[in-house]
Amino acid sequence: MLWFTHQAKGGCMNFKNILLPIEFNDTSKLFLKELLHTHEFSESNFYLLNVVDISDTYLYSGRHLGIPANLSDEIAEAAKQDMEVIKKEFFYEKGDSTISTHVRKGLSISEEIVSFVKNNDIDLVIMPSHARKGIQRMFLGSVTEQVLRDCPCPVLTVRNKDI
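Numbering of residues starts from 1 in each chain and follows the order in which that chain's sequence is written. Only residues with pLDDT of 70 or above have their local features reported here, since the model is predicted, and side-chain atom pairs are shown and tallied only from 80 upward, although totals for entire chains, interfaces and linings are computed over all residues. The basis for every side-chain value is the complete set of heavy atoms in the structure, and neither hydrogens nor water enter the calculation.

**With respect to the overall build of the chain**
- Going along the chain from the N terminus, every DSSP run of H or I of four or more residues is numbered as a helix, and every run of E of two or more is numbered as a strand. Counting secondary structure elements, the chain contains six helices and seven strands.
- For every residue, the accessible area (1.4 Å probe, protein chains only) is compared with the maximum for its type, and the residue is labelled buried under 20%, exposed over 50%, or partly exposed between those bounds. Sorting the 163 residues of the chain into buried and exposed places 36% on the buried side.
- We call two residues in contact whenever any of their non-hydrogen atoms come within 4.5 Å of each other. Residue pairs at least 24 apart in sequence account for 75% of intrachain contacts in the chain once pairs closer than 6 positions are excluded.

**What to know about the state of the cysteines**
- Cysteine sulfurs are considered disulfide-paired once they come within 2.5 Å of each other. Applying the stated criterion across every chain yields a total of zero disulfides.
- In this structure Cys151 is a free cysteine whose sulfur lies 3.6 Å from that of Cys153, the closest cysteine sulfur available.

**Focus on the pairing of strand 6 (residues 124-129)**
- Summarising burial for strand 6: six of the six residues are buried, a large majority.
- Residue alternation in strand 6 divides its side chains into two sets, Leu124, Ile126 and Pro128 and Val125, Met127 and Ser129, and both sets are buried.

**Some details on helix 4 (residues 109-119)**
- Listed in full, the buried residues belonging to helix 4 are Ser110, Glu112, Ile113, Val114, Phe116 and Val117.
- Elements in contact with the buried residues of helix 4: strand 3 (17-21), strand 4 (45-53), strand 5 (98-106), strand 6 and helix 6 (143-150).

**Examining the nonpolar core**
- Residues belong to one nonpolar core when they are buried, are Ala, Val, Leu, Ile, Met, Phe, Trp, Tyr or Cys, and are joined through side-chain atoms within 4.5 Å. Among the nonpolar cores identified, the biggest contains 22 residues, and Leu20, Leu32, Phe46, Leu48, Phe91 and Ile126 are the most heavily contacted of them.
- Counting residues per element, this core draws most heavily on helix 3 (residues 71-90), which supplies five residues.
- In terms of nonpolar packing, the next biggest core, distinct from the first, is built from 15 residues, Phe116, Met127, Val147 and Cys153 among them.

**Examining the packing of aromatic side chains**
- Stacked, tilted and edge-to-face are the three classes assigned to paired rings of Phe, Tyr and Trp, where Trp is represented by its six-membered ring and a pair needs centres within 6.5 Å; plane angles under 30 degrees give stacked, over 60 edge-to-face, the rest tilted. Per the stated rule, a full pass over the model turns up one aromatic pair.
- With a centroid separation of 6.0 Å and an interplanar angle of 65 degrees, the aromatic rings of Tyr47 and Phe116 are classed as edge-to-face. Of this pair, Tyr47 sits in strand 4 while Phe116 sits in helix 4; the two residues are 69 residues apart in sequence, bridging distant segments of the chain.

**Quick look at the pairing of strand 3**
- Taken across its five residues, strand 3 has five buried, putting it largely inside the fold.
- Because side chains alternate across strand 3, one face comprises the buried residues Asn17, Leu19 and Pro21, and the other comprises Ile18 and Leu20, equally buried.
- With five bridges joining them, strand 3 and strand 4 adopt parallel strand pairing. Looking at strand 4, one finds that Ile18 is bridged to Phe46.
- Where strand 3 meets strand 6, two bridges bridge the pair, whose relative direction is parallel. Each residue of the ladder has a partner; that of Leu19, found in strand 6, is Val125. By this definition, two strands are paired if DSSP reports at least two bridges between them.

**Focus on the confidence of the model for the chain**
- Per-residue confidence from the predictor is reported as pLDDT, which spans 0 to 100. Counting all residues, the mean pLDDT for the chain is 77, and 66% of those residues have values of 70 or more.
- The element-level mean pLDDT for the chain is lowest in strand 1 (residues 2-8), coming to 42, with helix 4 highest at 96.
- Residue range residues 1-9 is modelled with pLDDT below 50. Its contacts to residues more than four positions away, or to other chains, number 31 contacts.

**Examining the environment of Arg149**
- For Arg149, the position within the fold is in helix 6.
- Separated by 39 residues in the primary sequence, Arg149 and Ser110 have C-alpha atoms spaced 9.9 Å apart.
- A distance of 3.1 Å separates polar atoms of two side chains, one belonging to Arg149 and the other to Gln146. In protein, a polar contact requires one atom able to donate a hydrogen and another able to accept it; more generally it is a pair of N or O atoms within 3.5 Å, and residues adjacent in sequence count only if both atoms are side-chain atoms.

**Description of the side chain of Ser110**
- You can see Ser110 is positioned in helix 4.
- What Ser110 contacts, discounting residues up to four positions off in sequence, is Val143, Gln146 and Val147.

Dropping the structure here:
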């Protein structure tokens with residue numbers, strides 16, 4: 001179980017249900033590798049979550065653009081398969097930990113993450129941050145920042161350059 005030195009009332013905080021939002025990129029894989037090799041998580045329940053952003057397919061689907069209406073379903077199915085690969089690659093030696101994979105579709109990735117937290121009794125979210133600045137941040141936004149604002153549980157972020 002993950003223990004923090006932050007003192008809560010009555011002692012150290014422990015986290016039983018940990019959410020790890022996953023993207024299928026090198027940053028997420030490096031993040032998982034470092035996280036799992038540097039911290040002890042015995043007896044923790046891991047929830048791996050990938051959110052398929054359907055905003056593009058929702059806005060641009062239709063025959064006139066040649067984008068199939070069920071494209072988000074196909075992407076979600078591929079994401080489920082990729083999540084199983086991640087689970088096998090990074091969590092094969094986690095002992096008493098329970099690892100479950102989840103794929104959700106939504107127009108807002110941060111809202112889907114926060115909704116998952118609220119509906120699944122999550123104690124802690126651990127996620128990487130891309131640390132974008134300036135124009136990039138203004139146009140791309142920050143999923144991590146929005147999760148930090150709206151999440152009802154602690155959120156531990158790791159900057160991309162720290163990984």
